[in-house]
Amino acid sequence: MMIKIETYFFINNEFIPMNRFKGQFDDIDYIEGAIELTINNKKIISLKSWDYVDQLWAYFINGIEEIQNMRNFFTYFPDQPVVLSFTLEDNDFVKIGTDYDGEIYLSVPKKEFISTVCSEAEHFFKHMSNIVPQHKNFWNEYLGKIKKIKGHNSTYDC
């Protein structure tokens, strides 16, 4: 299974990969961007469903906490009516779904999904700590949640 997650910022009507962004945000309370989630070369979330990317990453971590605690997760994107869901199929698999551009659901190994999300989210929140230090408490809150997820079960090699 191949799970790929990339983060983009939406600046001046253009998507800029997070790692290449060197500027500043117009409004640090509303950071627009996208999380592109691809599973086995099928886009589950694409750049078309962009939103407030920092909040969306927080939702992803909240969802990981839920599935780690054996509960399904369902939410809307921060500022649009796009559904994001993580549904447990058994102890080893989770179905990832969204309803933007038609419903798309794919099952992935739970361990791999948690590991990939944790790794990319940690990278995002650490990066944000450097470029928007004004929100250090928020970034650190989610870095702490990621650390707790990793510590909850050492099989999640984030």
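### Considering the pairing of strand 6 (residues 73-76)
The alternating pattern of strand 6 places Phe73 and Thr75 on a buried face, while none of Phe74 and Tyr76, on the opposite face, is buried. Pairing between strand 6 and strand 7 (residues 83-88): four bridges, direction antiparallel. Bridged to Phe73 within strand 7 is Phe86. Adjacent in sequence and paired antiparallel, strand 6 and strand 7 are bridged by six residues.

### Thoughts on the nonpolar core
One finds Phe9, Trp57, Phe60, Phe86, Ile96, Phe113 and Phe125 to be the most contacted residues of the largest nonpolar core, which totals 46 residues. Residues contacting Trp57, with those up to four places away along its chain left out, are Ile5, Thr7, Ile35, Val117, Glu120, Ala121, Phe124 and Phe125.

### Side note on the packing of aromatic side chains
Scanning all chains against the criterion turns up 21 aromatic pairs. An angle of 50 degrees between the planes, with centres 4.7 Å apart, marks the rings of Phe10 and Phe15 as tilted. The exposure class assigned to Phe10 is buried, which follows from its relative accessible area of 14%.

### Re unusual backbone geometry
Within the chain, Asn12 stands out as a residue other than glycine whose phi angle is a positive 50 degrees. Along the chain, Asn12 turns up in the loop between strand 1 (3-11) and strand 2 (14-17). Exposure remark for Asn12: the relative accessible area of 71% places this residue in the exposed category.

### Examining the pairing of strand 4 (residues 42-45)
Judged from the three bridges that link them, strand 3 (residues 32-39) and strand 4 form a sheet pairing that is antiparallel. In the sheet register, Ile39 faces strand 4, and the bridge partner there is Lys42.

### Some points on a negative patch on the surface
Together, Asp26, Asp27, Asp29, Glu32 and Asp79 make up a region of like negative charge exposed at the surface. Along the chain, the position of Asp79 falls in the loop between strand 6 and strand 7. Residue classification places Asp79 among the exposed residues on the basis of a relative accessible area of 52%.

Rules used throughout
- Residues numbered from 1 in each chain as written.
- Predicted model: local features only at pLDDT ≥ 70, side-chain atom pairs only at ≥ 80, totals over all residues.
- Heavy atoms only, no water.
- Buried < 20%, exposed > 50% of the residue type's maximum accessible area, 1.4 Å probe, protein only.
- Helix = DSSP H or I, 4+ residues; strand = E, 2+ residues; numbered from the N terminus.
- Pairing = 2+ DSSP bridges.
- Core = buried A, V, L, I, M, F, W, Y, C linked by side-chain atoms within 4.5 Å.
- Contact = heavy atoms within 4.5 Å.
- Phe/Tyr/Trp six-rings, centres within 6.5 Å; stacked < 30°, edge-to-face > 60°.
- Patch = residues over 30% accessible without salt bridge, like charges linked within 9 Å, V, L, I, M, F, W, Y side chains within 5 Å.
- Areas by Shrake-Rupley, 256 points an atom, 1.4 Å probe, with all protein chains shown as cover.
- Salt bridge = Lys/Arg side-chain N within 4 Å of Asp/Glu carboxyl O.
- Lys, Arg positive; Asp, Glu negative; His and termini not counted.
- Charge placed at Lys NZ, Arg CZ, Asp CG, Glu CD.

Interpretation note: all reported values are geometric properties and have no functional meaning in isolation.
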